[in-house]
Amino acid sequence: MITPAYTIPPVPGVSGPPMVLAEGLHKSFGRLEVLRGIDLEVARQEVMCIIGPSGSGKSTLLRCINHLEKINAGRLWVDGELVGYRQRAGKLYELREREICAKRAEIGMVFQQFNLFPHMTALENVIEAPIRVKGVSKAQATELAGQLLDRAGLKDKADAYPKQLSGGQQQRVAIARALAMQPKLMLFDEPTSALDPELVGDVLAVMRDLATSGMTMIVVTHEMGFAREAGDTLVFMDEGTVVEAGRATCSATLSARGPAPSCPRCSEGTRPAGPCCAGVSPWSTPRWAGTLPGIVVLAIAAISARPVALAGLAWTRRSRSTRRLR
């Protein structure tokens, strides 16, 4: 495991125990070790964005947080309680399936695919879980679902079936469905990866609104703009480890302070001021202050550009050989 030479400052204005705490997480599928000693802490009301190349363990980490996947080693707490286990005399005992489901109901998750019930309308998809799992009356569930669909910009689509909705609309219904359970933590597993580019904006707008409302969120995403604007913490994963982590730009910090006119990024008033507005570097090493998003983008671009460059070189050599033969 790579041990970072830095610490992430706490989210300004937020106190209390962390919402999510992971210590030494390991997860393997057969001989393939997907998570290799993950240490992570997510404060309450924090928006953590996780980025990195495909196959780095991002989605597996999310699935471990709500116990869709069982960890092989380490400890994982959500809201101060062990996930999927009970500890007695220093030993872990797995909870019963009913207990696990009850805990999982407190964590909302939005997947890459929408997973809506195709035979139910948008409204019926949203009210199903509160009625069946939490025992909420249909009238109360319908009222809450109407508010959530309205917040997602889909009030006029309440009676539409999934096949009558665009991909972006279906994903917003999925977000409303997760929020209908009134979770204390929201997990997003690349919610825009299956969408056409023109549909991404509406989904990200709903997520930005949710972030500003104070919901604790962990978002696996490739949308760097969203990570910069809405995220408090940016984490870069590769090969099952946390390679780099730190505060996102100041305009993306959920702070209790008001906008600071001295900072052009915070003076817009769209988000509260961040660490840089107070003259405090969000990094333990000054020379890296404020540059993590750029480093990550360049690293990903370099990794993705290498195969293209090699293919172009091979094509050039083949063309030259063909000309010599002629």
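Here is a short report on the structure shown in this document. (Residues numbered from 1 in each chain as written. Predicted model: local features only at pLDDT ≥ 70, side-chain atom pairs only at ≥ 80, totals over all residues. Heavy atoms only, no water.)

**Re the nonpolar core**
For step 1, the next point in the chain: By size, the foremost hydrophobic cluster in this structure holds 44 residues, and its most contacted members are L149, V173, I175, M186, F188, M207 and M217.
For step 2, the next point in the chain: Looking at which element gives the most residues to this core, the answer is helix α6 (residues 197–212), with seven residues.
For step 3, the next point in the chain: Among all residues touching I175, those that are not within four sequence positions of it are V110, F188, V203, V206 and M207.
For step 4, the next point in the chain: Core analysis: the next-biggest nonpolar cluster, separate from the first, contains 30 residues, V20, I38, I65 and L185 among them. (Core = buried A, V, L, I, M, F, W, Y, C linked by side-chain atoms within 4.5 Å. Buried < 20%, exposed > 50% of the residue type's maximum accessible area, 1.4 Å probe, protein only. Helix = DSSP H or I, 4+ residues; strand = E, 2+ residues; numbered from the N terminus. Contact = heavy atoms within 4.5 Å.)

**What about the sheet that holds strand β1 (residues 20–29)?**
For step 1, the next point in the chain: The sheet built from four strands is open, its strands ordered β2-β1-β4-β5 with antiparallel pairing. Looking at the sheet topology across the chains shown, the edges are occupied by β2 (32–42) and β5 (81–82).
For step 2, the next point in the chain: The pairing of β1 with strand β4 (residues 73–78) spans five bridges and is antiparallel. In the sheet register, L21 faces β4, and the bridge partner there is W77.
For step 3, the next point in the chain: Together, β1, β2 and β4 form the strand contacts of helix α1 (residues 58–65), whose direction differs from that of β2 by roughly 65 degrees. (Pairing = 2+ DSSP bridges. Axes fitted to C-alpha atoms, helices over the stretch in contact; angles between N-to-C directions.)

**Comments concerning helix α3 (residues 122–132)**
For step 1, the next point in the chain: Burial in α3 covers these residues: A122, L123, N125, V126, I127 and P130.
For step 2, the next point in the chain: Each element contacted by the buried residues of α3 is listed here: α4 (138–151) and α5 (167–179).

**Section: the packing of α5 against α6**
Packed helix pairs are specified by the crossing angle of their axes together with the interaxial distance, meaning the distance between the axes.
For step 1, the next point in the chain: Where α5 meets α6, the closest approach of the two axes is 8 Å, and the angle between their N-to-C directions is 20 degrees. On the basis of the axis angle, α5 is roughly parallel to α6. Crossing hand, α5 versus α6: right-handed. Residues G167, G168, Q171, R172, I175 and L179 of α5 touch α6, and the partners they reach there are L199, D202, V203, V206, M207 and L210.
For step 2, the next point in the chain: For the contact of α5 with α6, the per-class residue count stands at seven nonpolar, three polar and two charged. (Parallel < 35°, antiparallel > 145°, perpendicular 65-115°, else oblique. Left-handed = near helix turned anticlockwise from the far one by under 90°. Nonpolar A, V, L, I, M, F, W, Y, C, P; charged D, E, K, R; others polar.)

**Comments concerning the sheet that holds strand β9 (residues 185–189)**
For step 1, the next point in the chain: Taken in spatial order, the six strands make up an open sheet running β8-β9-β10-β3-β11-β12, and their pairing is mixed. The sheet is open, and its two edges are formed by β8 (107–110) and β12 (241–247), each paired on a single side. Between one strand axis and the next, the sheet turns through 15 degrees on average, direction left out of account.
For step 2, the next point in the chain: Where strand β11 (residues 233–238) and β12 come together, six bridges link them in antiparallel fashion. Bridge pairing in β12 links T233 to R247.
For step 3, the next point in the chain: The sheet contacts of α1 involve β3 (47–51), β8, β9, β10 (217–220) and β11, and relative to β9 the element is tilted by about 150 degrees.

By themselves, these figures tell us nothing about what the structure is for.
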